[in-house]
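Listed below, chain by chain, are the residues.
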Amino acid sequence: MKKKCLALLMAGLMAVSMAGCSTPGSNVEKDSGTEGGGEEGAQKVFRYSITSDVSTLDPQKNNESTSATIGYHTGEGLTRSMDGVVHPGLAEEWEVSDDGLTYTFHLRDAKYSDGEKIKAQDFEYAMKRIVDPETASSFAFIAKPLENADEITAGKMDLDELGVEAVDDETLVCKLGFPAPYFLQVISMSQFYPTRKDMVEKYGDEFAADGEKNVYSGPFCLKEWKQNDRIILEKNPMYWDKDKVNLDRVEILIVADENTALAMYEAGELDYVNVPTDAVGNYPDAEFYKMGAEDFIKLNTGDGPLANKNFRLALNYGLDRSEFIKLSTNDVWEPATRFVLPDVGGAEGTFGEDYPYEAFPLEGDQKKAEEYLNTALKELGIASASDITLELLTSDMERTKKEAEVLQALLQEALGIKITIQMVPFTDRVERENKGEYQMVVSGILPDYPDPISFLESWETTSPYNHCNYSYEEYDNLLQKAYHTGDAKERMDTLAEAEKVFMEDGGLVPLQFRMNAKLVSEKVTGVTNYFSGYNINFIYADIK
């Protein structure tokens, strides 16, 4: 999701929505399903669970990993990225100019779930919609490579000046403002999926609020969305590659307690489950995979102690990440002592191989933490660390509650400050975070594509995703340099330098890279995971 992990709750969501892969508004038989996984009559049904409801299914407003995963299966872009490899999507082929600034896409003959032709104009509309200030998408920054995208988002240029044009129904030309070697990965994301102007205008704020209020270009379409209960997808009979899609139905249950989900898997009610970290030792045959998400403490640097660089560094050096991982995940997840996921691509190998870096010691450094803290107290005019009280915002799930309590204990002991915990439902946490209504929040980011810029671009001063008032001119300048260089090695060198500058400024407190252990029913084949773009891929899954 990024597929960055966080989003606004749509104000117009319906409590229960029912639709099928047919013309919006038509009558669709409501099928309640069965208790167990596998085949339901003649249907092949795949069941898994998520810990919280999706925040939105509006393609251009989607900005968290769960929504992105649903979007990945109900829509399709010009390209489709699978396990980091770019494949043709709704564009059958394309050409790239020698300077890397012009991409010409040729669409295949494909239809939406209501039978209407998918046109190049729908892609042009989608790309303009995401950068349109009226859309207010916090993910507008993802369109940055398109010519004039940032200026349009900032209200300095008109929409018509965006570097995208539908030459005819089957041909789309994208002009970039700078060479972006990751562009084909970017446009595989849901924000760039074709979007029908007639649907948006018909439903307004209710667009995509339930299955009947959108049409689908991907392998599945939405049948039911019952908030905080379940999401049901059904195979899209109009999808251009439908013959390779084996599943008839996917049931995604919302189960906040991971142990409850595990029990449901044991009872045959789910076909796939992530094993809670506390229970991993009981499942030696569980398969581990790197989710790609990084968790961190996001710091609202607008005012107060967190506006002070030395105080932010005191937090970073004061945290024993080794102890945090041990207490919160039983050493299952990996401690993060840097910001960029080492697994994304680098200059020659992975970014971690090409640019090894440890911003903060794994077990912290108490002496340095105290030095930074004492300097901060003098600069802030505060007599004692005990006079500082900070609120830590987090979701009310068991896992995140445990994480917050461990962080509270470790940082209070290391620095002598006071930390209060504010637990709210996930969607409320996301809304407060996006509005900047917090001091510290346990947050995270999932790379949308396997490139370091997917992590770094979010903290640029002008990024709509920058919900923490962070601004550092040197950091911004390095990102601009990376954007506009045409040399691949120089670009990566610059991004590595930008990460270092960001960490040395205490831009956030990195915590952990998530490692999941999964169990999959022996009846199920073809379910994959990858560390960027989506949590789970069941497009070509099958039920024996």
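This write-up is about the structure you can find in this document. Bear in mind that the values here come from a model prediction, so they are computed numbers and not experimental data. (Residues numbered from 1 in each chain as written. Predicted model: local features only at pLDDT ≥ 70, side-chain atom pairs only at ≥ 80, totals over all residues. Heavy atoms only, no water.)

**Some remarks on the packing of aromatic side chains**
Phase 1: All chains considered together, the criterion is met by 27 aromatic pairs.
Phase 2: When the centroid spacing of 5.8 Å and the interplanar angle of 85° are considered together, the rings of Phe339 and Phe455 count as edge-to-face. Here Phe455 lies in helix 13 (residues 453–456) and Phe339 lies in the loop between strand 15 (334–335) and helix 9 (351–354), a separation of 116 residues in the sequence.
Phase 3: For Phe455, a relative accessible area of 0% puts it in the buried group.
Phase 4: For the ring pair Tyr470 and Tyr475, a centre distance of 6.3 Å and an interplane angle of 80° mean the geometry is edge-to-face. As far as burial versus exposure is concerned, Tyr470 and Tyr475 are alike and both buried. (Phe/Tyr/Trp six-rings, centres within 6.5 Å; stacked < 30°, edge-to-face > 60°. Helix = DSSP H or I, 4+ residues; strand = E, 2+ residues; numbered from the N terminus. Buried < 20%, exposed > 50% of the residue type's maximum accessible area, 1.4 Å probe, protein only.)

**A few points about helix 2 (residues 120–131)**
Phase 1: Compared with the 16 Å implied by 1.5 Å per residue over 12 residues, the 18 Å span of helix 2 between its first and last C-alpha is a close match.
Phase 2: Among the 12 residues of helix 2, 10 are classified as buried, and the element is accordingly described as predominantly covered.
Phase 3: Residues of helix 2 that are buried include every one of Ala120, Asp122, Phe123, Glu124, Ala126, Met127, Lys128, Arg129, Ile130 and Val131, and no others.
Phase 4: Those residues of helix 2 that are buried lie in contact with strand 7 (102–107), helix 3 (149–153), strand 8 (164–168), strand 9 (171–175) and helix 5 (197–203). (Expected span 1.5 Å × (residues − 1). Contact = heavy atoms within 4.5 Å.)

**Quick word on the pattern of salt bridges**
Phase 1: Evaluated as defined, the whole model comprises 33 salt bridges.
Phase 2: Its salt-bridge partner being Lys144, residue Asp150 comes within 2.4 Å of it at the nearest N-O pair.
Phase 3: With a relative accessible area of 7%, Lys144 lands in the buried category.
Phase 4: Its salt-bridge partner being Lys213, residue Asp210 comes within 2.8 Å of it at the nearest N-O pair. Judged on exposure class, the residue Asp210 and its partner Lys213 are both buried.
Phase 5: Each of Arg47, Lys223, Glu234, Arg249 and Glu251 takes part in salt bridges that share partners, so that together they form one network. (Salt bridge = Lys/Arg side-chain N within 4 Å of Asp/Glu carboxyl O.)

**Thoughts on the pairing of strand 14 (residues 287–299)**
One face of the sheet, then the other: side chains in a regular strand alternate in exactly this way.
Phase 1: Within strand 14, 11 of the 13 residues are buried, which leaves it mostly tucked inside the rest of the structure.
Phase 2: Pairing of strand 14 with strand 19 (residues 508–520), which is carried by 9 bridges, proceeds in the antiparallel orientation. Of the residues in strand 19, the one forming a bridge with Glu294 is Phe513.
Phase 3: In the sheet, strand 14 pairs with strand 18 (residues 440–445) via 6 bridges, with the strands oriented antiparallel. Residue pairing in the sheet places Leu299 in a bridge with Met440 of strand 18. (Pairing = 2+ DSSP bridges.)

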